[in-house]
Amino acid sequence: MRLIYEPTGQELKPGDKVPTFRKEMVTVESFNERRVYCKDDRGNVNEWFHSVIHSRVVDP
């Protein structure tokens with residue numbers, strides 16, 4: 001599985017920074033088919049739906 005950032009088509013990897021729908025920058029930690037786990041600037045890991053960070057999962 002690959003995580004794709006929809007606005008650019010770029011593949012996201014752990015450690016990449018992306019904006020949420022609130023324009024807050026978060027760091028991708030991991031993902032699955034339903035959620036993306038991202039760390040905010042305070043070090044908290046949050047669980048997001050893909051739509052929140054404009055991403056989608058594709059099979060290779």
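Nothing here was measured: the structure is a model prediction, and the numbers come from that model.

Definitions and cut-offs
Residues numbered from 1 in each chain as written. Predicted model: local features only at pLDDT ≥ 70, side-chain atom pairs only at ≥ 80, totals over all residues. Heavy atoms only, no water. Salt bridge = Lys/Arg side-chain N within 4 Å of Asp/Glu carboxyl O. Buried < 20%, exposed > 50% of the residue type's maximum accessible area, 1.4 Å probe, protein only.

**A closer look at the pattern of salt bridges**
Considering all chains together, one arrives at 7 salt bridges under this definition. In this structure, the salt-bridge partner of E11 is R2, at a minimum N-O distance of 3.6 Å. Given the relative accessible area of 33%, R2 is considered partly exposed. The closest approach of N and O atoms between K13 and E11, which form a salt bridge, is 3.0 Å. Residue classification places K13 among the partly exposed residues on the basis of a relative accessible area of 44%. For E11, a relative accessible area of 28% translates into the label partly exposed. Three or more residues joined by partner-sharing salt bridges are found here, namely R2, E11 and K13.

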